[in-house]
Amino acid sequence: MAKWKHNLKGWLTRRLELPADAVMDLPRITMVGQLHIYIENHQGVLKFSNDEVRLLLKNGQLVIRGEDFMLKTILPEEILLEGKIEHVSYLDKPKN
Amino acid sequence: MKEYIKELFSGYVRIKVVGSYTELFINRCIEYHIPIWDISRVNNDTILLSLYTGDIKRIRPHLKRTRCKVRITARKGFPFLVKKVVYSRGFLSGVISCILLILILSNMVWSITVNGATPEVEHKLKQVAEELGVKRGEFIFQLPTNQELQQKMTESLEEITWVGVKRSGSTYHFEVVQKQLPEKQPPLNARHIVADKKAIITKIYVEEGQVQVKENDYVKPGQLLISGFIGKEDKSELVPARGEVFGKTWYVTDVSIPLKSTFETNTGEKEAKYSFGIFGFHLPVWGFSKPEFSQYETIVQETNLRFLKWEMPLSFQTKELLETKEVTREYTEKEALLAASQVSREDILSKTSENAEIKEEKILHHEVENGKVNVKIHYEIIEEIGKNIPIIQGD
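If you're wondering where the values come from, they're calculated on a predicted model, not measured in any experiment. (Residues numbered from 1 in each chain as written. Chains lettered and ligands numbered in written order. Predicted model: local features only at pLDDT ≥ 70, side-chain atom pairs only at ≥ 80, totals over all residues.)

**Notes on the overall build of chain B**
Across its full length, chain B holds eight helices and 22 strands. Looking at the 395 residues of chain B, the share that counts as buried comes to 17%. Put simply, 67% of the contacts in chain B that link residues at least 6 apart link residues at least 24 apart. (Helix = DSSP H or I, 4+ residues; strand = E, 2+ residues; numbered from the N terminus. Buried ≥ 20, exposed ≤ 12 C-beta atoms within 10 Å, placed from the backbone. Contact = placed C-beta atoms within 7 Å.)

In C-alpha coordinates form, the structure reads like this:
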(Lines give C-alpha, C1' and ligand atoms only; values in the text may rest on other atoms or scores of the structure.)
Protein backbone atom coordinates (compact mmCIF):
# COMPACT_ATOMS: atom_id res chain seq x y z
CA MET A 1 0.00 0.00 0.00
CA ALA A 2 2.71 2.45 1.08
CA LYS A 3 4.84 1.53 -1.84
CA TRP A 4 2.00 2.04 -4.25
CA LYS A 5 1.38 5.52 -2.76
CA HIS A 6 5.04 6.36 -3.13
CA ASN A 7 5.02 5.32 -6.75
CA LEU A 8 1.96 7.45 -7.40
CA LYS A 9 3.66 10.46 -5.93
CA GLY A 10 6.75 9.86 -8.05
CA TRP A 11 4.61 9.65 -11.15
CA LEU A 12 2.75 12.87 -10.21
CA THR A 13 5.93 14.85 -9.82
CA ARG A 14 7.24 13.67 -13.11
CA ARG A 15 4.03 14.18 -15.05
CA LEU A 16 2.69 17.35 -13.51
CA GLU A 17 6.02 18.96 -12.71
CA LEU A 18 5.10 19.51 -9.09
CA PRO A 19 8.00 20.29 -6.76
CA ALA A 20 9.32 17.04 -5.45
CA ASP A 21 10.00 18.27 -1.91
CA ALA A 22 6.37 19.34 -1.41
CA VAL A 23 4.80 16.26 -2.83
CA MET A 24 7.17 13.62 -1.58
CA ASP A 25 8.16 15.04 1.86
CA LEU A 26 11.77 15.27 0.80
CA PRO A 27 14.16 17.66 2.46
CA ARG A 28 15.05 20.84 0.58
CA ILE A 29 18.62 21.80 1.37
CA THR A 30 20.10 25.19 0.55
CA MET A 31 23.76 25.92 1.12
CA VAL A 32 25.64 29.17 0.97
CA GLY A 33 29.23 28.15 0.40
CA GLN A 34 30.44 26.41 3.47
CA LEU A 35 28.94 28.98 5.78
CA HIS A 36 25.24 28.19 5.98
CA ILE A 37 23.09 25.24 5.42
CA TYR A 38 19.36 25.58 5.41
CA ILE A 39 17.26 22.45 5.68
CA GLU A 40 13.50 22.35 5.26
CA ASN A 41 11.21 19.42 5.92
CA HIS A 42 13.23 17.73 8.60
CA GLN A 43 11.68 15.60 11.28
CA GLY A 44 13.79 16.48 14.29
CA VAL A 45 17.30 16.68 15.62
CA LEU A 46 18.96 13.39 16.43
CA LYS A 47 22.38 14.61 17.31
CA PHE A 48 23.86 17.99 17.69
CA SER A 49 27.48 18.66 18.44
CA ASN A 50 30.24 20.99 17.32
CA ASP A 51 31.29 18.88 14.39
CA GLU A 52 28.30 16.74 13.57
CA VAL A 53 24.58 17.21 13.17
CA ARG A 54 22.20 14.41 12.45
CA LEU A 55 18.69 15.24 11.34
CA LEU A 56 15.84 12.81 11.07
CA LEU A 57 14.15 12.67 7.69
CA LYS A 58 11.05 10.88 6.45
CA ASN A 59 13.17 8.02 5.18
CA GLY A 60 16.59 8.07 6.63
CA GLN A 61 18.90 10.62 8.17
CA LEU A 62 20.90 13.58 7.03
CA VAL A 63 24.42 13.79 8.41
CA ILE A 64 26.28 17.09 8.27
CA ARG A 65 29.90 17.21 9.32
CA GLY A 66 32.15 20.20 9.73
CA GLU A 67 33.43 22.55 12.42
CA ASP A 68 32.02 25.06 14.88
CA PHE A 69 28.40 24.30 14.33
CA MET A 70 25.72 26.55 15.71
CA LEU A 71 21.99 26.22 15.20
CA LYS A 72 21.09 29.72 14.24
CA THR A 73 17.37 29.15 13.92
CA ILE A 74 15.30 26.11 14.57
CA LEU A 75 11.61 25.88 13.71
CA PRO A 76 9.29 22.84 13.47
CA GLU A 77 10.32 22.08 9.90
CA GLU A 78 13.28 24.33 9.22
CA ILE A 79 16.82 24.55 10.48
CA LEU A 80 19.50 27.09 9.75
CA LEU A 81 22.93 25.79 10.64
CA GLU A 82 26.03 27.93 10.74
CA GLY A 83 29.65 26.92 10.85
CA LYS A 84 32.14 25.42 8.45
CA ILE A 85 30.35 22.70 6.53
CA GLU A 86 32.52 20.03 5.03
CA HIS A 87 30.33 17.09 4.41
CA VAL A 88 26.66 16.43 3.80
CA SER A 89 25.48 12.85 3.38
CA TYR A 90 22.32 10.73 3.46
CA LEU A 91 21.84 7.64 5.49
CA ASP A 92 19.10 5.41 4.23
CA LYS A 93 16.55 4.02 6.59
CA PRO A 94 17.55 0.45 7.27
CA LYS A 95 15.14 -1.78 5.45
CA ASN A 96 13.32 -4.21 7.68
CA MET B 1 14.35 41.31 11.01
CA LYS B 2 11.06 41.08 12.86
CA GLU B 3 12.54 38.46 15.12
CA TYR B 4 15.53 40.61 15.76
CA ILE B 5 13.37 43.52 16.89
CA LYS B 6 11.37 41.24 19.13
CA GLU B 7 14.60 39.95 20.64
CA LEU B 8 15.67 43.46 21.41
CA PHE B 9 12.48 44.63 23.00
CA SER B 10 11.22 41.63 24.89
CA GLY B 11 14.52 40.60 26.39
CA TYR B 12 16.02 37.17 26.16
CA VAL B 13 18.31 34.93 28.16
CA ARG B 14 21.23 32.69 27.31
CA ILE B 15 20.77 29.43 29.16
CA LYS B 16 22.97 26.45 29.70
CA VAL B 17 21.15 23.14 29.48
CA VAL B 18 22.93 20.18 31.04
CA GLY B 19 21.76 16.60 30.48
CA SER B 20 22.34 13.53 28.41
CA TYR B 21 19.29 14.10 26.23
CA THR B 22 19.80 17.65 25.12
CA GLU B 23 18.75 16.87 21.53
CA LEU B 24 15.49 15.59 22.86
CA PHE B 25 15.04 18.79 24.73
CA ILE B 26 15.58 20.78 21.53
CA ASN B 27 13.05 18.66 19.70
CA ARG B 28 10.46 19.09 22.41
CA CYS B 29 10.93 22.82 22.36
CA ILE B 30 10.28 22.84 18.63
CA GLU B 31 7.29 20.59 19.04
CA TYR B 32 5.70 22.90 21.62
CA HIS B 33 6.51 26.02 19.61
CA ILE B 34 8.92 27.52 22.05
CA PRO B 35 11.26 29.63 19.97
CA ILE B 36 14.93 28.89 20.65
CA TRP B 37 17.94 30.00 18.66
CA ASP B 38 21.72 30.28 18.58
CA ILE B 39 22.19 26.80 19.91
CA SER B 40 25.79 25.69 20.36
CA ARG B 41 27.40 22.83 22.11
CA VAL B 42 29.83 23.33 24.96
CA ASN B 43 30.68 19.72 25.73
CA ASN B 44 29.18 16.29 25.58
CA ASP B 45 26.22 16.98 27.78
CA THR B 46 25.93 20.75 27.76
CA ILE B 47 24.43 23.11 25.21
CA LEU B 48 23.96 26.83 25.21
CA LEU B 49 20.87 28.41 23.73
CA SER B 50 18.85 31.62 23.65
CA LEU B 51 15.29 31.90 24.81
CA TYR B 52 12.76 34.69 25.39
CA THR B 53 12.45 35.70 29.01
CA GLY B 54 8.74 34.98 28.94
CA ASP B 55 9.33 31.38 27.85
CA ILE B 56 11.51 30.37 30.78
CA LYS B 57 8.51 29.04 32.65
CA ARG B 58 7.29 27.11 29.63
CA ILE B 59 10.44 24.99 29.28
CA ARG B 60 10.25 23.68 32.83
CA PRO B 61 8.08 20.61 32.09
CA HIS B 62 10.29 19.66 29.13
CA LEU B 63 13.38 19.92 31.29
CA LYS B 64 11.82 17.51 33.72
CA ARG B 65 10.81 15.09 31.00
CA THR B 66 14.26 15.09 29.41
CA ARG B 67 16.10 15.20 32.75
CA CYS B 68 18.02 18.32 31.93
CA LYS B 69 19.20 21.03 34.30
CA VAL B 70 19.24 24.63 33.36
CA ARG B 71 21.31 27.65 34.34
CA ILE B 72 20.91 31.18 33.13
CA THR B 73 24.24 32.57 31.98
CA ALA B 74 23.31 35.97 30.55
CA ARG B 75 20.37 38.32 30.29
CA LYS B 76 20.16 40.38 27.15
CA GLY B 77 17.89 42.83 25.42
CA PHE B 78 16.26 46.11 26.20
CA PRO B 79 14.44 45.37 29.47
CA PHE B 80 17.60 43.97 31.04
CA LEU B 81 19.63 46.84 29.69
CA VAL B 82 17.23 49.30 31.29
CA LYS B 83 17.36 47.43 34.56
CA LYS B 84 21.09 47.33 34.48
CA VAL B 85 21.38 51.01 33.74
CA VAL B 86 18.79 52.06 36.26
CA TYR B 87 20.13 49.92 39.05
CA SER B 88 23.73 50.79 38.49
CA ARG B 89 24.79 53.03 41.33
CA GLY B 90 26.58 55.60 39.24
CA PHE B 91 23.69 56.22 36.91
CA LEU B 92 21.17 56.45 39.71
CA SER B 93 23.25 58.82 41.77
CA GLY B 94 23.83 60.88 38.65
CA VAL B 95 20.12 61.24 38.00
CA ILE B 96 19.38 62.06 41.62
CA SER B 97 22.13 64.61 41.88
CA CYS B 98 21.03 66.17 38.59
CA ILE B 99 17.47 66.56 39.85
CA LEU B 100 18.76 67.92 43.14
CA LEU B 101 20.99 70.37 41.36
CA ILE B 102 18.17 71.63 39.17
CA LEU B 103 15.99 71.86 42.27
CA ILE B 104 18.55 73.93 44.10
CA LEU B 105 19.30 76.13 41.12
CA SER B 106 15.62 76.69 40.41
CA ASN B 107 15.26 78.18 43.85
CA MET B 108 18.07 80.64 43.48
CA VAL B 109 18.08 84.18 42.27
CA TRP B 110 19.82 84.23 38.92
CA SER B 111 19.25 87.62 37.51
CA ILE B 112 17.88 90.97 38.45
CA THR B 113 16.41 93.29 35.91
CA VAL B 114 15.49 96.89 36.49
CA ASN B 115 13.08 98.74 34.29
CA GLY B 116 12.38 102.40 34.02
CA ALA B 117 15.30 103.76 36.02
CA THR B 118 18.25 105.89 35.01
CA PRO B 119 21.60 104.08 35.27
CA GLU B 120 22.41 105.96 38.44
CA VAL B 121 19.20 105.02 40.17
CA GLU B 122 19.46 101.51 38.83
CA HIS B 123 22.85 101.14 40.50
CA LYS B 124 21.52 102.43 43.80
CA LEU B 125 18.50 100.18 43.55
CA LYS B 126 20.69 97.17 42.96
CA GLN B 127 22.74 98.06 45.99
CA VAL B 128 19.64 98.33 48.14
CA ALA B 129 18.38 95.06 46.74
CA GLU B 130 21.66 93.42 47.62
CA GLU B 131 21.42 94.69 51.16
CA LEU B 132 18.00 93.12 51.38
CA GLY B 133 19.44 89.86 50.14
CA VAL B 134 18.33 89.95 46.53
CA LYS B 135 21.52 89.01 44.77
CA ARG B 136 22.70 86.26 42.52
CA GLY B 137 22.99 82.90 44.18
CA GLU B 138 20.70 83.65 47.08
CA PHE B 139 17.94 81.18 47.90
CA ILE B 140 14.56 82.56 47.08
CA PHE B 141 12.79 81.06 50.05
CA GLN B 142 15.12 82.90 52.40
CA LEU B 143 14.18 86.27 50.98
CA PRO B 144 11.44 88.53 52.23
CA THR B 145 8.20 88.51 50.30
CA ASN B 146 7.72 90.73 47.30
CA GLN B 147 5.49 93.13 49.22
CA GLU B 148 8.07 93.54 51.93
CA LEU B 149 10.80 94.11 49.37
CA GLN B 150 8.65 96.61 47.58
CA GLN B 151 7.92 98.50 50.78
CA LYS B 152 11.49 98.51 52.02
CA MET B 153 12.94 99.55 48.69
CA THR B 154 10.44 102.32 48.19
CA GLU B 155 11.25 103.59 51.67
CA SER B 156 15.01 103.48 51.33
CA LEU B 157 15.34 105.14 47.95
CA GLU B 158 14.50 108.79 47.79
CA GLU B 159 14.72 109.04 44.05
CA ILE B 160 11.84 106.76 43.36
CA THR B 161 8.16 107.11 43.96
CA TRP B 162 7.31 103.51 43.62
CA VAL B 163 8.98 100.23 42.82
CA GLY B 164 7.13 97.15 41.70
CA VAL B 165 8.75 93.85 42.57
CA LYS B 166 7.88 90.84 40.48
CA ARG B 167 9.55 87.47 40.55
CA SER B 168 9.23 85.09 37.67
CA GLY B 169 11.11 81.89 38.24
CA SER B 170 14.63 82.78 39.21
CA THR B 171 14.55 86.33 37.94
CA TYR B 172 13.60 89.42 39.86
CA HIS B 173 12.04 92.26 37.92
CA PHE B 174 11.99 95.71 39.41
CA GLU B 175 9.63 98.16 37.79
CA VAL B 176 10.63 101.63 38.86
CA VAL B 177 8.68 104.84 38.75
CA GLN B 178 11.17 107.59 39.29
CA LYS B 179 10.35 110.86 40.96
CA GLN B 180 9.97 113.71 38.54
CA LEU B 181 12.26 116.55 39.34
CA PRO B 182 10.17 119.52 40.28
CA GLU B 183 9.73 121.55 37.19
CA LYS B 184 10.03 125.26 37.25
CA GLN B 185 6.94 126.70 38.72
CA PRO B 186 4.79 128.28 36.11
CA PRO B 187 4.40 131.99 36.55
CA LEU B 188 1.67 132.61 39.01
CA ASN B 189 -1.53 134.13 37.92
CA ALA B 190 -2.78 137.22 39.54
CA ARG B 191 -4.55 136.40 42.76
CA HIS B 192 -5.82 137.58 46.09
CA ILE B 193 -5.35 136.03 49.47
CA VAL B 194 -8.55 135.79 51.46
CA ALA B 195 -9.42 134.40 54.87
CA ASP B 196 -10.32 130.72 55.02
CA LYS B 197 -12.00 130.76 58.40
CA LYS B 198 -13.07 133.25 60.99
CA ALA B 199 -10.12 134.40 63.05
CA ILE B 200 -8.34 137.23 64.76
CA ILE B 201 -5.25 138.25 62.87
CA THR B 202 -2.04 137.84 64.85
CA LYS B 203 0.73 138.22 62.30
CA ILE B 204 1.03 139.27 58.68
CA TYR B 205 3.95 138.74 56.32
CA VAL B 206 3.57 140.08 52.87
CA GLU B 207 5.85 139.33 50.00
CA GLU B 208 3.79 140.84 47.25
CA GLY B 209 0.47 142.58 47.25
CA GLN B 210 -1.37 145.09 49.33
CA VAL B 211 -2.40 144.36 52.90
CA GLN B 212 -6.02 144.98 53.55
CA VAL B 213 -6.20 144.11 57.27
CA LYS B 214 -4.30 144.92 60.46
CA GLU B 215 -3.24 142.79 63.38
CA ASN B 216 -6.02 142.08 65.90
CA ASP B 217 -8.65 142.52 63.20
CA TYR B 218 -11.48 140.08 63.25
CA VAL B 219 -11.98 138.46 59.85
CA LYS B 220 -14.72 136.33 58.41
CA PRO B 221 -14.25 133.57 55.82
CA GLY B 222 -13.81 135.04 52.36
CA GLN B 223 -12.64 138.43 53.58
CA LEU B 224 -9.82 139.93 51.53
CA LEU B 225 -6.49 139.84 53.36
CA ILE B 226 -3.87 140.66 50.76
CA SER B 227 -5.01 142.24 47.58
CA GLY B 228 -3.49 141.49 44.22
CA PHE B 229 -3.91 145.07 43.07
CA ILE B 230 -0.93 147.28 43.72
CA GLY B 231 -0.15 150.86 42.87
CA LYS B 232 -2.31 153.89 42.89
CA GLU B 233 -5.85 153.69 41.84
CA ASP B 234 -5.44 155.08 38.37
CA LYS B 235 -2.24 153.09 37.74
CA SER B 236 -3.12 149.90 39.54
CA GLU B 237 -1.37 146.74 38.48
CA LEU B 238 -2.31 143.08 38.94
CA VAL B 239 0.16 140.81 40.76
CA PRO B 240 -0.06 137.39 42.30
CA ALA B 241 -0.45 138.17 45.97
CA ARG B 242 2.05 136.27 48.10
CA GLY B 243 2.35 136.19 51.84
CA GLU B 244 1.29 134.51 55.04
CA VAL B 245 -1.38 135.59 57.40
CA PHE B 246 -1.61 134.00 60.81
CA GLY B 247 -4.75 134.22 62.86
CA LYS B 248 -6.17 132.97 66.08
CA THR B 249 -8.94 130.43 65.51
CA TRP B 250 -11.20 128.44 67.80
CA TYR B 251 -12.19 124.83 67.83
CA VAL B 252 -14.35 122.72 70.10
CA THR B 253 -13.83 118.98 70.27
CA ASP B 254 -15.89 116.22 71.79
CA VAL B 255 -13.96 113.21 72.99
CA SER B 256 -15.15 110.20 74.89
CA ILE B 257 -12.62 107.95 76.59
CA PRO B 258 -13.54 104.62 78.19
CA LEU B 259 -12.28 104.34 81.75
CA LYS B 260 -11.48 100.69 81.40
CA SER B 261 -10.23 99.07 78.27
CA THR B 262 -8.45 95.87 77.39
CA PHE B 263 -6.17 95.27 74.46
CA GLU B 264 -3.46 92.91 73.34
CA THR B 265 0.15 93.86 73.10
CA ASN B 266 3.23 91.94 72.07
CA THR B 267 5.66 91.27 74.85
CA GLY B 268 8.62 91.04 72.48
CA GLU B 269 9.20 87.37 73.14
CA LYS B 270 9.10 85.25 70.04
CA GLU B 271 9.80 81.78 68.74
CA ALA B 272 10.36 80.57 65.23
CA LYS B 273 9.33 77.24 63.76
CA TYR B 274 10.37 75.91 60.40
CA SER B 275 8.69 73.18 58.45
CA PHE B 276 8.70 71.48 55.09
CA GLY B 277 5.39 71.13 53.34
CA ILE B 278 4.66 68.22 51.03
CA PHE B 279 1.27 68.21 49.29
CA GLY B 280 -0.12 70.41 52.03
CA PHE B 281 1.22 68.34 54.92
CA HIS B 282 3.76 70.07 57.07
CA LEU B 283 6.78 68.33 58.40
CA PRO B 284 8.46 70.30 61.15
CA VAL B 285 12.19 70.74 60.71
CA TRP B 286 12.98 72.98 63.62
CA GLY B 287 11.00 74.00 66.67
CA PHE B 288 9.11 70.92 67.75
CA SER B 289 8.26 71.97 71.25
CA LYS B 290 5.02 73.62 72.15
CA PRO B 291 5.39 77.32 72.57
CA GLU B 292 6.09 78.49 76.09
CA PHE B 293 3.56 81.23 75.75
CA SER B 294 -0.06 80.80 76.59
CA GLN B 295 -1.16 83.59 74.29
CA TYR B 296 0.48 84.30 71.01
CA GLU B 297 -0.16 85.36 67.49
CA THR B 298 1.37 83.57 64.52
CA ILE B 299 2.86 85.03 61.41
CA VAL B 300 3.18 82.43 58.68
CA GLN B 301 5.38 82.84 55.67
CA GLU B 302 5.35 80.11 53.08
CA THR B 303 7.53 79.79 50.02
CA ASN B 304 6.96 77.14 47.40
CA LEU B 305 9.93 75.35 45.95
CA ARG B 306 10.18 75.41 42.22
CA PHE B 307 11.42 72.97 39.64
CA LEU B 308 12.40 74.87 36.51
CA LYS B 309 9.25 76.85 35.83
CA TRP B 310 6.82 74.68 37.73
CA GLU B 311 5.76 75.22 41.24
CA MET B 312 6.14 72.04 43.20
CA PRO B 313 3.94 70.71 45.97
CA LEU B 314 6.90 71.25 48.26
CA SER B 315 7.15 74.31 50.38
CA PHE B 316 9.23 75.81 53.11
CA GLN B 317 7.32 77.41 55.91
CA THR B 318 8.50 79.79 58.58
CA LYS B 319 6.17 80.29 61.49
CA GLU B 320 6.82 83.06 63.96
CA LEU B 321 5.02 82.95 67.23
CA LEU B 322 4.84 86.27 68.97
CA GLU B 323 3.85 86.22 72.59
CA THR B 324 0.98 88.50 73.35
CA LYS B 325 -0.36 89.77 76.62
CA GLU B 326 -3.75 91.05 77.41
CA VAL B 327 -3.47 94.36 79.12
CA THR B 328 -6.24 96.05 80.99
CA ARG B 329 -5.93 99.73 81.30
CA GLU B 330 -7.83 101.66 83.87
CA TYR B 331 -7.99 105.38 84.02
CA THR B 332 -8.88 107.51 86.91
CA GLU B 333 -11.01 110.47 85.98
CA LYS B 334 -8.00 112.73 85.99
CA GLU B 335 -5.96 110.41 83.78
CA ALA B 336 -8.91 110.04 81.45
CA LEU B 337 -9.07 113.79 81.03
CA LEU B 338 -5.38 113.87 80.24
CA ALA B 339 -5.80 111.14 77.65
CA ALA B 340 -8.79 112.94 76.19
CA SER B 341 -6.80 116.10 75.82
CA GLN B 342 -4.04 114.19 74.07
CA VAL B 343 -6.46 112.56 71.66
CA SER B 344 -8.19 115.80 70.82
CA ARG B 345 -4.91 117.65 70.36
CA GLU B 346 -3.85 115.14 67.77
CA ASP B 347 -7.22 115.39 66.19
CA ILE B 348 -7.07 119.18 65.99
CA LEU B 349 -3.57 119.24 64.59
CA SER B 350 -4.53 116.83 61.87
CA LYS B 351 -7.35 119.12 60.84
CA THR B 352 -5.50 122.40 60.78
CA SER B 353 -2.77 123.54 58.45
CA GLU B 354 0.79 122.35 58.95
CA ASN B 355 2.33 125.03 61.10
CA ALA B 356 -0.50 125.36 63.51
CA GLU B 357 0.19 125.89 67.16
CA ILE B 358 -2.09 125.32 70.09
CA LYS B 359 -2.25 128.46 72.10
CA GLU B 360 -4.76 127.59 74.73
CA GLU B 361 -6.70 124.55 75.80
CA LYS B 362 -9.70 124.68 78.07
CA ILE B 363 -11.91 121.87 79.24
CA LEU B 364 -15.37 123.24 78.95
CA HIS B 365 -17.27 120.38 80.37
CA HIS B 366 -16.84 116.74 81.34
CA GLU B 367 -19.04 113.99 82.67
CA VAL B 368 -18.75 110.32 83.51
CA GLU B 369 -21.36 108.14 81.93
CA ASN B 370 -21.52 104.34 81.44
CA GLY B 371 -17.86 103.92 82.28
CA LYS B 372 -16.85 106.57 79.81
CA VAL B 373 -15.68 110.11 80.23
CA ASN B 374 -17.16 112.54 77.77
CA VAL B 375 -15.11 115.68 77.45
CA LYS B 376 -15.68 118.88 75.59
CA ILE B 377 -12.51 120.86 75.02
CA HIS B 378 -12.10 124.32 73.62
CA TYR B 379 -8.89 125.21 71.73
CA GLU B 380 -7.39 128.46 70.73
CA ILE B 381 -5.04 127.96 67.84
CA ILE B 382 -2.70 130.13 65.87
CA GLU B 383 -2.56 129.01 62.27
CA GLU B 384 -2.29 130.24 58.78
CA ILE B 385 -5.65 131.36 57.58
CA GLY B 386 -4.90 132.66 54.10
CA LYS B 387 -6.30 131.06 50.96
CA ASN B 388 -5.42 131.92 47.38
CA ILE B 389 -8.16 132.87 44.99
CA PRO B 390 -7.46 133.85 41.40
CA ILE B 391 -8.54 137.24 40.19
CA ILE B 392 -10.87 136.82 37.30
CA GLN B 393 -11.01 140.00 35.35
CA GLY B 394 -14.30 140.95 33.97
CA ASP B 395 -15.06 142.31 30.55
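**Brief notes about the overall build of chain A**
Along chain A, the regular secondary structure elements total two helices and six strands. Along its sequence from the N terminus, chain A presents helices and strands in the succession α-α-β-β-β-β-β-β. Of all intrachain contacts in chain A linking residues separated by at least 6 positions in sequence, the fraction that spans at least 24 positions is 29%.

**Remarks on helix 6 (residues 119-131) of chain B**
Three- or four-residue spacings in an α-helix give side chains the same orientation, since the helix completes a turn every 3.6 residues. Residues and elements named next belong to chain B. A rise of 1.5 Å per residue sets the reference length of helix 6, with its 13 residues, at 18 Å; its end C-alpha atoms lie 18 Å apart and thus fit the reference within 8%. Every buried residue of helix 6 is listed here: Leu-125, Val-128 and Ala-129. Viewed along the axis of helix 6, the buried residues span an arc of 100 degrees, placing them on a single side of the element. In helix 6, the exposed positions angled more than 90 degrees off the buried face are occupied by Pro-119, Glu-120, His-123 and Glu-131. Among the structural elements, strand 5 (111-115), helix 7 (146-156) and strand 7 (171-178) are those in contact with the buried residues of helix 6. Backbone geometry just after helix 6 places Gly-133 at a positive phi near 105 degrees. (Expected span 1.5 Å × (residues − 1). Arc of directions from axis to C-beta.)

**Points about the nonpolar core**
One finds Leu55(A), Ile74(A), Leu81(A), Ile26(B), Ile36(B) and Ile39(B) to be the most contacted residues of the largest nonpolar core, which totals 28 residues. When residues no more than four places from it in sequence are discounted, the contact partners of Leu55(A) are Ile39(A), His42(A), Val45(A), Leu46(A), Gln61(A), Leu62(A) and Ile79(A). Counting 23 residues, the second largest nonpolar core, distinct from the first, contains Ala199(B), Ala241(B), Val255(B) and Ala336(B). (Core = buried A, V, L, I, M, F, W, Y, C linked by C-beta atoms within 7 Å.)

**Considering the interface of chain B and chain A**
The interface is formed by ten residues belonging to chain B together with 14 residues belonging to chain A. Those elements that place two or more of their residues in the side of chain B that touches chain A are helix 2 (22-31) and strand 2 (36-43) of chain B. When residues of the side of chain B that touches chain A are assigned to their parent elements, the largest contribution, six residues, is made by strand 2 of chain B. Looking at side-chain class alone, the side of chain B that touches chain A contains five nonpolar, two polar and three charged residues. One ladder, built from four bridges, connects strand 5 (residues 60-75) of chain A with strand 2 of chain B; its direction is antiparallel. Note that in strand 2 of chain B the partner of Leu71(A) across the bridge is Ile39(B). (Nonpolar A, V, L, I, M, F, W, Y, C, P; charged D, E, K, R; others polar. Pairing = 2+ DSSP bridges.)

**Quick look at the environment of Ile15(B)**
Residue and element names in this part refer to chain B. Note on placement: Ile-15 falls in strand 1 (residues 12-18). Given 19 C-beta atoms within a 10 Å radius, Ile-15 is considered partly exposed. Separated by 55 residues in sequence, Ile-15 and Val-70 place their C-alpha atoms 6.6 Å apart. With residues near it in sequence (within four places) discarded, Ile-15 still touches Leu-49, Leu-51, Val-70, Arg-71, Ile-72 and Thr-73.

**What about the sheet that holds strand 20 (residues 357-369) of chain B?**
Residues and elements named next belong to chain B. Reading across the sheet, the five strands line up as 11-9-15-21-20 and stay open at both edges, with antiparallel pairing between neighbours. With partners counted over all chains shown, the strands left at the sheet margins are strand 11 (218-219) and strand 20, one partner each. Note: strand 9 (residues 199-208) against strand 11, two bridges, orientation antiparallel. If you follow Ile-200 over to strand 11, its bridge partner there is Tyr-218.

**Overview of unusual backbone geometry**
Although it is not a glycine, Asn41(A) sits at a positive phi angle of roughly 65 degrees. Residue placement: Asn41(A) occurs in the loop between strand 2 (36-40) and strand 3 (45-48).

**Looking at the sheet that holds strand 10 (residues 210-211) of chain B**
All names here are of chain B. Ordered by their spatial adjacency, four strands build an open sheet running 10-12-8-22, and the pairing between neighbours is antiparallel. Two strands close off the open sheet at either side, each with one partner strand: strand 10 and strand 22 (386-390). Pairing of strand 10 with strand 12 (residues 224-227), which is carried by two bridges, proceeds in the antiparallel orientation. Paired with Gln-210 across the two strands is Ser-227, which belongs to strand 12.

**Some thoughts on the pairing of strand 4 (residues 69-76) of chain B**
All names here are of chain B. Burial analysis of strand 4 places just zero of its eight residues in the buried class, a small minority of the element. Two elements, strand 1 and strand 4, share seven bridges in a ladder whose sense is antiparallel. Bridge assignment links Arg-14 to a residue of strand 4, and that residue is Ala-74.

**Digging into the pairing of strand 3 (residues 46-52) of chain B**
Residue and element names in this part refer to chain B. Residues Ile-47, Leu-49 and Leu-51 point to one face of strand 3 and are all buried, whereas Thr-46, Leu-48, Ser-50 and Tyr-52, pointing to the other face, are not buried. Pairing geometry for strand 1 and strand 3, over seven bridges, is antiparallel. If you follow Tyr-12 over to strand 3, its bridge partner there is Tyr-52. As judged from the five bridges shared by strand 2 and strand 3, these two strands associate in the antiparallel manner. Within strand 3, the residue paired with Ile-36 across the bridge is Leu-51.

By themselves these figures say nothing about function.
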